[in-house]
Every structure is written in C-alpha cells, then in structure tokens.
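Chain by chain, the residues run as shown.
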Amino acid sequence: MDILKIGNREFKSRLMVGTGKYPSNEIMVKVLEESGAEVITVAVRRVNLDRSKESLLDYIDLKKYTLLPNTAACYTAQDAIRTAKLGREALGTELVKLEVIGDEKTLFPDNEALLEAAKVLVKEGFIVLPYTNDDPIMAKKLEDIGCAAIMPLAAPIGSGLGIRNPYNIRIIRETIKVPVIVDAGVGTASDAAIAMELGCDGLLMNTGIAGAKDPVNMAKAMKLAVEAGRLAYISGRIPKKLYATASSPIEGII
Amino acid sequence: MRYDRGREMFFSEGQGARGKGQVKIMLNGKTKDVSEDTTVLGLLNELDIKLQGIAVELNFGIVSRSKYGETILENGDKVEIVRMVGGG
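In short, a report on the structure. (Residues numbered from 1 in each chain as written. Chains lettered and ligands numbered in written order. Predicted model: local features only at pLDDT ≥ 70, side-chain atom pairs only at ≥ 80, totals over all residues. Heavy atoms only, no water.)

**So, the interface of chain A and chain B**
Many analyses report the size of an interface as the accessible area lost when the parts associate. Test applied: Whether two residues are in contact is decided by their heavy atoms, any of which lying within 4.5 Å being enough. Once two parts are put together, the accessible area they lose, assessed with a 1.4 Å probe and summed over both, is termed the buried area. Counted as salt bridges are all cases of a side-chain nitrogen of Lys or Arg within 4 Å of a carboxyl oxygen of Asp or Glu. Counted as a polar contact is a pair of N or O atoms within 3.5 Å, where, for protein atoms, one must be capable of donating a hydrogen and the other of accepting one, and residues adjacent in sequence contribute only when both atoms are in side chains. Where helices and strands are cited, they refer to DSSP runs of H or I of at least four residues and of E of at least two residues respectively, numbered from the N terminus. Three categories are distinguished: nonpolar for Ala, Val, Leu, Ile, Met, Phe, Trp, Tyr, Cys and Pro, charged for Asp, Glu, Lys and Arg, and polar for the others, with Gly belonging to the last.
Each partner contributes to the interface: chain A provides 32 residues, whereas chain B provides 27 residues. Together chain A and chain B conceal approximately 2600 Å² of surface at their shared face, both sides included; 56% is due to carbon and sulfur atoms. Connecting chain A to chain B are three salt bridges. The residue K50 of chain B makes a salt bridge to D58 of chain A at a minimum N-O spacing of 3.4 Å. Where chain A meets chain B, there are 14 residue pairs in polar contact (both at pLDDT 80 or more). When residues of the side of chain A that touches chain B are traced back to their parent elements, those giving at least two are β4 (39–46) and α2 (77–91) of chain A. Broken down by element, the side of chain A that touches chain B gets its largest block of residues, seven residues, from α2 of chain A. Classifying every residue of the side of chain A that touches chain B by side-chain character gives twelve nonpolar, nine polar and eleven charged.

Have a look at this one:
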C-alpha cells in the first residue's frame with residue numbers, strides 16, 4: 001500500500017483540498033467527495049456576529065476528513081503563531097499549514113519570518129507544514145528545525161500557472177526526507193500529474209478546483225491526475241532519448 | 001432617556017462606575033456592553049454561538065474550553081471569538 005506519512009498521521013490520498021471560494025457549500029461537499037481527499041484545509045477567522053449560527057463545520061464530516069487549519073493572511077511570525085494556536089484550540093489538532101506572507105500582490109512567503117514561526121510552533125508540539133518557495137535551501141532549513149512536511153509553491157497562489165520550476169521541485173525532493181507537498185499554483189490536471197511525476201509526495205490545491213467552471217468534475221480530474229502521476233513516478237519512466245527505438249522486432253521482416 | 005444618560009456617565013467614568021451593572025468589552029474588534037459578571041460561556045450563549053469548532057482569546061491569550069464558565073469578563077477586555085471558514 002502506497003501510504004503518505006506526515007508526522008504520526010497516515011493517508012491513502014495524496015491530494016489535499018482547500019475549502020475556500022466554492023460557489024456554494026453544497027458544491028464544496030461534492031468536491032471533497034469526488035477528490036478523494038482525506039486532508040482538507042480551513043482558515044481561522046473571527047465569528048461573524050451577525051450570522052453567528054453559520055458554521056463551515058456543519059458541512060464537513062469530521063469523522064471522514066482530517067482538518068488542516070492554515071495561517072493564511074498572516075504577515076508576521078507573531079500573527080501566524082497566534083493564528084496557529086487559535087486553530088489548535090478550535091479543532092483540537094496539532095496540524096498546521098503555516099503561512100507567513102511577505103507580499104500582498106504575489107502572496108509569496110516571507111521565509112525569514114516563516115522559519116522563525118516554524119521554530120516556535122515545532123517546540124510547542126505542532127505538526128508544522130510550512131508553505132514556502134520552491135527553494136531547496138529553505139526546504140532543508142525547515143526540515144532541520146523539525147517541520148513534518150515541506151509545501152513548496154508551484155506558482156503564486158491562485159495563479160494556475162502550474163509547476164514553474166520543476167527542477168527546483170525535484171532538487172527539493174532529493175534534498176530532504178520529509179514529504180514534499182506541492183501547494184499553490186496548480187491550474188489543471190496535467191500540472192498535478194507533473195508534480196507527482198517529479199516525485200512529490202502530495203499536492204494541495206484550492207483555486208484550481210474551486211475556480212473551475214465545473215468544480216466537481218475538476219476535483220475528479222485532479223484525483224485521477226494525482227493518482228496517475230504518482231503511479232508513473234513509482235513505476236519508473238523510460239529515459240528520454242533524441243532518436244527512435246523501434247517497438248516492433250527487426251527480425252522476421254518479410 | 002434617563003437610563004441612557006446613566007449609561008453615558010458610566011462609560012465616561014470608566015473604572016469608577018462599578019456596580020452599575022455593565023462592563024464594556026472589545027469583541028472581535030467592536031465595542032460591546034455586557035452585564036457585570038458575564039463569563040465567556042455566558043457571552044457565547046448570549047451570542048448564540050455553539051462551542052464546537054471555536055476558539056476564544058482574551059487579551060491575546062487563549063481561554064481553554066474548560067475555563068469558559070469561570071472566566072469573568074472585565075471592563076476593557078479584548079475578546080476574540082474565532083471559528084473555521086473556507087480556505088486553502
């Protein structure tokens with residue numbers, strides 16, 4: 001059985017899905033089902049006091065899914081740590097997808113602050129999954145301080161540009177031991193397959209599915225792509241060559 | 001009208017107004033009046049917020065679930081109540 005291990009958790013699905021930006025909660029529920037995801041991300045926000053009864057969790061089967069709270073929209077280590085703690089308290093989970101954003105326009109991470117926040121949270125017993133650049137040096141630093149997985153971006157969040165730097169992603173995979181989960185930037189099924197063929201251990205996406213014209217079918221496409229890419233990776237692809245090699249035998253030609 | 005004026009006085013006097021029955025807190029970034037001796041649990045009930053999946057912060061420190069019933073809100077307290085929303 002091909003199992004993804006993150007910290008002390010084990011998952012069969014290598015596709016993680018976000019819960020943001022769906023046309024409706026009903027569509028989100030169907031997307032989660034079709035995607036086969038076991039891990040789904042959520043954000044921590046103030047309760048809307050005018051609509052205090054509304055709760056996302058009413059739509060999510062907590063026995064079926066592992067919730068991964070994020071620290072989205074945090075711009076300092078301090079804010080990210082604070083948000084991580086609120087997420088832990090609200091959900092009773094040690095898991096956190098740690099984001100410290102450095103710039104509003106690109107939503108690229110502030111890696112210096114990320115490392116600082118990750119150190120604190122690891123010490124406090126969190127299972128930290130940091131969203132970071134496709135930078136092998138940073139990935140190694142995050143692994144060294146005890147992060148349970150590394151989540152390099154494929155491209156800017158929500159951009160749909162696909163794997164912008166496949167070579168770095170591959171170097172990251174070869175450099176570190178903990179799982180590499182590509183997070184952000186995947187636009188379509190082939191992007192997901194490429195990420196998995198590079199040897200990534202998993203993939204997290206939200207906009208690529210939620211923003212599609214038909215999110216439910218896109219979720220299915222992403223599931224199949226992740227499975228196909230993973231299978232291709234573990235099956236060992238043929239080397240690339242410039243010239244042809246015949247598939248049919250040369251002997252016995254009439 | 002008289003009641004309103006009384007409240008105004010209370011707010012302008014701040015600390016000196018104990019015993020008037022109300023305290024002013026900052027809840028999720030907005031001011032709110034609650035009865036004196038209101039606990040975190042009382043506030044959540046008043047706001048009709050279910051306890052599942054929420055977290056409460058009081059003056060930047062997390063209030064653990066087991067302490068909701070015994071944590072009394074005081075004048076000037078900063079309270080944050082959060083829950084999960086959709087996100088990536």
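Next comes the rest of the account.
**A word on the pairing of strand β5 (residues 66–69) of chain A**
All names here are of chain A. Quick reminder of the rule: For the exposure calls, accessible area comes from a 1.4 Å probe over protein chains only, and a residue counts as buried if that area is under 20% of its type's maximum, exposed if over 50%, partly exposed in between. Only strands that DSSP links by at least two bridges are regarded as paired with each other.
Covered by surrounding structure in β5 are T66 and L68 together with L67 and P69, the residues of both alternating faces. Of the strand pairs in this sheet, β4 and β5 are connected by four bridges, and their pairing is parallel. By the bridge assignment, V39 is partnered in β5 with T66.

**Topic: the environment of V85 of chain B**
Its place among the elements puts V85 of chain B in strand β5 (residues 78–86). Residue classification places V85 of chain B among the partly exposed residues on the basis of a relative accessible area of 27%. Once residues within four sequence positions are removed from consideration, V85 of chain B is found in contact with T19, V42, A43, R45 and L56 of chain A.

**Focus: the pattern of salt bridges**
Opposite charge on two side chains lets them pair, provided their charged atoms get close. Residue and element names in this part refer to chain A. Tallying each qualifying case throughout the model produces 16 salt bridges over all chains. Taking the shortest distance from any N to any O, the salt bridge between E10 and K5 comes out at 3.6 Å. Look at K5 and you get exposed, because its relative accessible area is 52%. Residues K140 and D144 are paired through a salt bridge, measuring 2.7 Å at the closest nitrogen-oxygen approach. Taken together, the positions of K140 and D144, both in helix α4 (residues 136–144) and four residues apart, correspond to about one turn of that helix.

**Section: the packing of helix α3 (residues 111–123) of chain A against α4 of chain A**
Residues and elements named next belong to chain A. Where we set the bar: Interaxial angles span 0 to 180 degrees and are taken between N-to-C directions of axes, which are lines fitted to C-alpha atoms, for helices over the stretch in contact. Relative orientations are named as follows: roughly parallel for angles under 35 degrees, roughly antiparallel for angles over 145 degrees, roughly perpendicular for angles from 65 to 115 degrees, and oblique for any other angle. In this scheme the crossing of two helices becomes right-handed for a clockwise turn of the near helix relative to the far one and left-handed for an anticlockwise turn of less than a right angle.
Running from N to C, α3 and α4 cross one another at 15 degrees; their axes reach a closest spacing of 10 Å. On the basis of their axis angle, the class for α3 and α4 is roughly parallel. α4 is crossed by α3, and the crossing has right-handed handedness. Here α3 contributes N111, L114, L115 and A118 to the contact with α4, which in turn contributes M138, K141 and L142. Across the contact of α3 with α4, the residue classes break down as five nonpolar, one polar and one charged.

**A few points about unusual backbone geometry**
In most cases, non-glycine residues show a negative phi, while peptide bonds are predominantly trans. Backbone geometry places K21 of chain A, a non-glycine residue, at a positive phi of 70 degrees. Here K21 of chain A shows up in the loop between β3 (15–18) and α1 (25–35). The exposed category is assigned to K21 of chain A, whose relative accessible area is 61%. Unlike most non-glycine residues, D48 of chain B shows phi in positive territory, near 60 degrees. Structurally, D48 of chain B is set in the loop between α2 (40–46) and β3 (54–58).

**Quick look at the pairing of strand β1 (residues 22–27) of chain B**
All names here are of chain B. In the sheet, β1 pairs with strand β2 (residues 30–35) via six bridges, with the strands oriented antiparallel. Its bridge partner being in β2, Q22 is matched across the sheet by S35. With antiparallel pairing between neighbouring strands as the criterion, β1 and β2 make up a hairpin whose turn holds two residues, including N28 at a positive phi of roughly 45 degrees. In this structure, β1 lies alongside β5, joined through two bridges in parallel fashion. Within the sheet, the bridge partner assigned to M26 lies in β5 and is K78.

**With respect to the sheet that holds strand β8 (residues 151–152) of chain A**
Residue and element names in this part refer to chain A. Taken in spatial order, the three strands line up as β6-β7-β8 in an open sheet, and their pairing is parallel. The strands lining the two open edges of the sheet, one partner per strand, are β6 (95–98) and β8. Relative to strand β7 (residues 127–132), β6 is paired through four bridges, and the arrangement is parallel. Within β7, the position partnered with K97 by the bridge is L129. In the packing of α3 onto the sheet, contacts are made with β6 and β7, and the angle to β7 comes to roughly 175 degrees.

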